[in-house]
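Fold and contact review
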Amino acid sequence: MLSLRPLTDTIGTEVSGIDLAGPISGRDFDRIYATWLNTTILLFRNQSMTPQQQIDFSRRFGDLLVYTRSENALPDHPEVLVLSNLKKDGKAIGSSASGRYWHSDGHYLKCPPAASLLYAAEVPPSGGDTWFANMQAAYDALPAEIKVQIDSRQVIISRVKSRPYNYPEKPPVTPEERAAWPDMPQPLVRTHPRTGRKALYVGGNVPWNVVGMPEAESNILIPELQSFATQPRFIYIHRWRAGDAILWDNRSSIHRATPYDEVNHQRLMYRTTIAGEEAF
C-alpha cells in the first residue's frame, strides 16, 4: 500500500509501498505526482530497476532529455547518464565527479530540465551524499522588500564563466566551447509551470550578473540569496543506500554532491532527466 512520510518539515517525502520496476496504478501515480510537486523531492527505498525500467518510470513525468556528454551515457541506453568512478578496460564508464556545488541542472540551457531521477546501484560506506534545498520555501521566507527587489530581475548564467569556479582542474575553455556556450538570461525568481509557486533561481557558486544591476551590487546580492536559501531549515541531506532512488523537481530545488573516497570505494549511479520548459 502506498505510504507517504515527510523527510523534513520543509522538503521531501519518502514514498513506500511502491515498486518502480512494476506497474503503478493511475491513482497511486497521481498521488505520487502531486506529492512531488508539493515537496520537491521524492525518496524511494529498496528499489531494483533495470535501465529500461528506470526510463519507463521517468517517462511518466514527461519526455526525456539528453544534454550531457555521450561518453558518460550507458551503452544502448543514451537516456541514462552514468555517475561512477568505475573503469572498464582502463576507461571510465561515466562521470566520477559532478555537481559538487549548489546548482540547478542545466541552468545554462534555454529550457532547463524539469526533473531528474537518480538511482543508486552501488554506494560507498561514507561520503557521496546529496544535499537538496527547497527554493520555493526559501523564496517564501524572504523579507518582502527583497522580493520586491528581485521579482522582475533576470540573471545571466555563463557556462564559460563558471568553468574555472566549478572545475578548476579542467583546462581553460576553448574557442569552440565558448562559441557553443552562449550566456543565458534566466529569471532570478522563476514561477513553477504546474503550481504557480515562485522559487529562487540562484544555483551555482559563481557571482552571476544581474541584468541592469551594477556588478558590485550583483556580486553581493547573488551570494547572499544563495546563502539564505541553503540554510539548514530548507535542506535535506541524503545519505545513499544501494537501491535508493530520488526524483527531484529541478524547477523548485537545487542540490549538491559531496566527495567520497574514490580510491578505495566504488560508486555506481544512474540518472535519467525529464525535459522542461523555458523558465519564466
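Refer to the structure presented above.
Owing to the predicted nature of the structure, the values given are computational and were not obtained by experimental measurement. (Residues numbered from 1 in each chain as written. Predicted model: local features only at pLDDT ≥ 70, side-chain atom pairs only at ≥ 80, totals over all residues. Heavy atoms only, no water.)

Some words on the overall build of the chain
Put simply, the test is: Comment: elements are numbered from the N terminus, with helices defined as DSSP H or I runs of at least four residues and strands as E runs of at least two. All radius of gyration figures rest on C-alpha atoms, and the globule criterion is 2.2 Å times the number of residues raised to 0.38. Note on exposure labels: buried denotes an accessible area under 20% of the residue type's maximum, exposed denotes more than 50%, and partly exposed covers the range between, all computed with a 1.4 Å probe on protein chains only. Residue exposure ignores everything except the shown protein chains as possible cover, and the areas themselves are Shrake-Rupley values with a 1.4 Å probe.
Helix and strand counts for the chain stand at seven helices and 18 strands. On C-alpha atoms alone, the chain measures out to a radius of gyration of 19 Å, which is about the 19 Å that the 2.2 N^0.38 rule sets for 280 residues. Each of the 280 residues in the chain was classed as buried or not, and the buried ones make up 51%. Total accessible area on the chain is roughly 13,200 Å²; 51% of this is exposed by carbon and sulfur atoms.

Observations regarding the pattern of salt bridges
Definition in use: Criterion for a salt bridge: a side-chain nitrogen of Lys or Arg within 4 Å of a carboxyl oxygen of Asp or Glu.
Taken as a whole and assessed by the stated rule, the structure comprises ten salt bridges. Residues Asp140 and Arg197 are paired through a salt bridge, measuring 2.8 Å at the closest nitrogen-oxygen approach. Taken together, the residues span a long stretch of sequence, with Asp140 in helix H3 (residues 135–141) and Arg197 in the loop between strand E12 (189–191) and strand E13 (198–200) at a distance of 57 residues. Look at Asp140 and you get partly exposed, because its relative accessible area is 43%.

Some words on the sheet that holds strand E11 (residues 184–187)
Test applied: Strands were regarded as paired on the criterion that DSSP finds at least two bridges between them.
With respect to topology, three strands assemble into an open sheet ordered E11-E10-E14, the strand pairing being antiparallel. With one partner strand each, in any of the chains shown, E11 and strand E14 (209–210) form the two edges of the open sheet. The sheet contact formed by strand E10 (residues 154–157) and E14 spans two bridges and is antiparallel. In the sheet register, Ile156 faces E14, and the bridge partner there is Asn209.

Things to note about helix H2 (residues 51–58)
An α-helical turn contains 3.6 residues, so a residue and the one three or four places further along point in the same direction. The test is simple: It is the directions from the helix axis to the C-beta atoms whose arc is reported. Whether two residues are in contact is decided by their heavy atoms, any of which lying within 4.5 Å being enough.
Along H2, the residues classified as buried are Gln54, Ile55, Phe57 and Ser58. Angularly, the buried residues of H2 cover 165° about the axis, an arc narrow enough to put them on a single face. Lining the buried residues of H2 we find strand E3 (41–44), strand E5 (77–84), strand E8 (115–122) and strand E18 (268–274).

Some remarks on the nonpolar core
Keep this limit in mind: Nonpolar cores were defined as sets of buried Ala, Val, Leu, Ile, Met, Phe, Trp, Tyr and Cys residues, with membership established by side-chain atoms within 4.5 Å.
With 29 residues, the main nonpolar core has Leu20, Ile32, Phe44, Phe61 and Leu247 as its most contacted residues. Those elements that place two or more of their residues in this core are helix H1 (26–39), E3, H2, E5, E8, strand E16 (245–249) and E18. Ranked by the residues each element gives to this core, the list is headed by H1, at four residues. With near-sequence residues (within four places) excluded, Phe44 lies in contact with Val15, Leu20, Ile32, Phe57, Gly243, Asp244 and Ala245. Among the nonpolar cores identified, the runner-up in size contains 27 residues, and Met135, Tyr139, Val155 and Ile235 belong to it.

Considerations on the sheet that holds strand E9 (residues 130–134)
Put simply, the rule is: Structural elements are reduced to axes, namely lines fitted to C-alpha atoms, with helices fitted over the stretch in contact, and the angle between N-to-C directions of any two is expressed from 0 to 180 degrees.
One open sheet accounts for three strands, arranged E15-E9-E17; its pairing is antiparallel. Every interior strand has two partners, whereas the edge strands, strand E15 (235–238) and strand E17 (253–257), have only one. Going from strand to strand, the sheet's axes swing by 20° on average, the running direction of each strand aside. Sheet analysis places E9 next to E17, joined by five bridges and oriented antiparallel. Its bridge partner being in E17, Ala133 is matched across the sheet by Ile254.

Some words on the pairing of strand E1 (residues 3–6)
The two faces of the sheet receive side chains in turn, since in a regular strand these alternate between them. Summarising the sheet, E1 and strand E2 (residues 13–16) pair through four bridges and their orientation is antiparallel. Looking at the pairing, Ser3 lines up with Ser16 of E2.

What to know about the environment of Ser48
Along the chain, Ser48 falls in the loop between E3 and H2. Distance in space between the C-alpha atoms of Ser48 and Pro113 is 25 Å, their sequence separation being 65 residues. Residues in contact with Ser48, not counting those within four places in the same chain, are Ala21, Gln53 and Tyr119.

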